[in-house]
Amino acid sequence: MISGTDLPDIATRQVRVGTRTFTYTPRWSHGTVAELLRGRNNSLGLLRLLLATAVVASHARVLGYGGKEFGHTFTGGQTDLGKLAVYGFFVLSGILVARSGARLPVGRFLWHRALRILPGFWVCLAVTVLVVAPLLYWKVHSTFAGLNGPGGLVAHVKANWLIATRQYDIAGLMQHQRVAGVTHNAAFNGSLWTLRHEALCYVVVAVLAVTGVLTRARRAVLLLTGFLGWLVIRQAIDERFWAGAYDAHYFHAVDLPGVGFVTPVWMIYLGFAFSLGMLIELYKERIPVSDPLGVISLVVMAGSLHFGYFFVVGVPAFAYALLWLAIRLPGPFRRIGARNDYSYGIYIYGFLVQQTLAVLDVPRFGLAVYFALTMALTVALAAASWHLVEQPALRLKDLGRSTPAGPAPVSPAPAKEKAAVG
């Protein structure tokens, strides 16, 4: 494996003119994505951890104190830190999932995707209904009686077990606390709403893979990305501080069996970010890794967040900025999250921990204490989820796959032949 210090600073290129070949070094580029984003020699693990933590940090203000999420004012209402992080997640997911979809048979691909999200989600659901909800319900009502009624524990599991998130509350507990002014959201775990959109993106990749688009007709993905981008930009171009999916109105929410209500608007916006990631993977041999482009993309993204038109120019710039950082961050950053990926656990447990602490009145000690305690508990749960659930589940990725036959053993030569050779 190439270490971080072994990456070339300048990519060497050869150009043939007539019968002569000239070697030159384009100093604006370090090479292509295909050359530099391979294996684990990148900072994708760090970026995922930062994005997951950003979601939890952004939620701290609204869940603990009922205010706007961080970044809402800075962006003029276009987005906030949490939603920006979600867009980033979908970009990175688009890169990695497209790579997996192009490499694996569709059945194996879906099996890998299911192993990555479902076991951790199911255990999180079990922790919610078996531990957190009963304890909080007893704390508020001094009884467990209401947990067995309509909208109780069993109903919550039945409604949500297939990442559907059809029921956010349990026995009306969070709504009760919201009316009482203790909490500021009626969901036990509101962050889980994005998982069904992520799963639908996996289904789209599976369809693209089984039809051969990913490997033989990648221009179709370019057209899909262009179409989604057009749906986003055509409305956002008329309003400098367009609020994305909250301002857009495309079709009505659809109640899909086993999945729950899916909003086409969010599928368009999140799907656009995901498809940008797919394009990066599918056209990786043509995309340069350039420091000037990386800096420009960061400047464009930051400028669009503050001065407007984020959904016109900022989202594509954000996609390239993430790619550039994943490749160009120094070597020590590449080791963070490379072996142990706590990002998914942080994402699925953060909201639950924050709501629990809110019911326990922890926000009264101040935002710093509330957030610090949130992160301590969330990281502990994420680490347990990774080591006890997610990582063991991922070891089943090759279950049922026939082991490739090794080279045929060489039969020992007969004694006479040995003598002749020797």
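Residues numbered from 1 in each chain as written. Predicted model: local features only at pLDDT ≥ 70, side-chain atom pairs only at ≥ 80, totals over all residues. Heavy atoms only, no water.

Chemist: Before we go on, may I ask you to explain the packing of helix α3 (residues 81-103) against helix α12 (residues 310-328) in this structure?
Modeler: What describes two packed helices is the angle between their axes and the distance between those same axes. Between α3 and α12, the least distance of the axes is 10 Å, while the angle of their chain directions is 55°. Viewed along their axes, α3 and α12 adopt a mutual orientation that is oblique. Our pair here, α3 against α12, has a crossing hand that is right-handed. Listed contacts from α12 to Leu84, Tyr87, Gly88, Val91 and Leu92 of α3 are Phe310, Phe311, Phe318, Ala319 and Leu322. Among the residues forming the contact of α3 with α12, the class breakdown is nine nonpolar, one polar and no charged. (Axes fitted to C-alpha atoms, helices over the stretch in contact; angles between N-to-C directions. Helix = DSSP H or I, 4+ residues; strand = E, 2+ residues; numbered from the N terminus. Parallel < 35°, antiparallel > 145°, perpendicular 65-115°, else oblique. Left-handed = near helix turned anticlockwise from the far one by under 90°. Contact = heavy atoms within 4.5 Å. Nonpolar A, V, L, I, M, F, W, Y, C, P; charged D, E, K, R; others polar.)

Chemist: Help me understand unusual backbone geometry in this model?
Modeler: Glycine aside, a negative phi is what most residues show, and trans is what most peptide bonds show. Not every positive phi belongs to a glycine, and Ser142 is a case in point at roughly 60°. One can find Ser142 in the loop between α4 (106-141) and α5 (153-160). Phi is positive for Ala171, close to 55°, though the residue is something other than glycine. Ala171 sits in the partly exposed class, given a relative accessible area of 21%. (Buried < 20%, exposed > 50% of the residue type's maximum accessible area, 1.4 Å probe, protein only.)

Chemist: I'm lost on the side chain of His197 in this one. Help?
Modeler: Among the structural elements, His197 can be located in helix α7 (residues 193-210). Excluding its chain neighbours within four sequence positions, the residues that come into contact with His197 are Phe90, Val262, Thr263, Trp266, Met267 and Leu270.

Chemist: Explain the nonpolar core to me, please; I cannot follow it from the model alone.
Modeler: Looking at soluble globular proteins, one finds that nonpolar side chains tend to be buried together. Membership of the largest hydrophobic core comes to 99 residues, with the highest contact counts inside it found for Tyr87, Phe188, Val221, Tyr269, Phe311, Leu323 and Ile348. Listed in part, the nine residues of the second largest apolar core include Leu63, Phe351, Val353 and Tyr370. (Core = buried A, V, L, I, M, F, W, Y, C linked by side-chain atoms within 4.5 Å.)

Chemist: Would you take a moment to explain the pattern of salt bridges for this structure?
Modeler: Between side chains of opposite charge, a pair can form when the charged atoms approach closely. Counting across every chain of the model gives eleven salt bridges. Arg99 is paired through a salt bridge with Glu281; the nearest N and O atoms lie 3.1 Å apart. Of this pair, Arg99 sits in helix α3 while Glu281 sits in helix α10 (residues 264-282), and the two are 182 residues apart along the sequence. Given the relative accessible area of 6%, Glu281 is considered buried. Note that Asp291 is salt-bridged to Arg328, the shortest N-O span being 3.1 Å. Residue Asp291 is located in helix α11 (residues 291-307), and its partner Arg328 is located in helix α12; the two are separated by 37 residues in the primary sequence. (Salt bridge = Lys/Arg side-chain N within 4 Å of Asp/Glu carboxyl O.)

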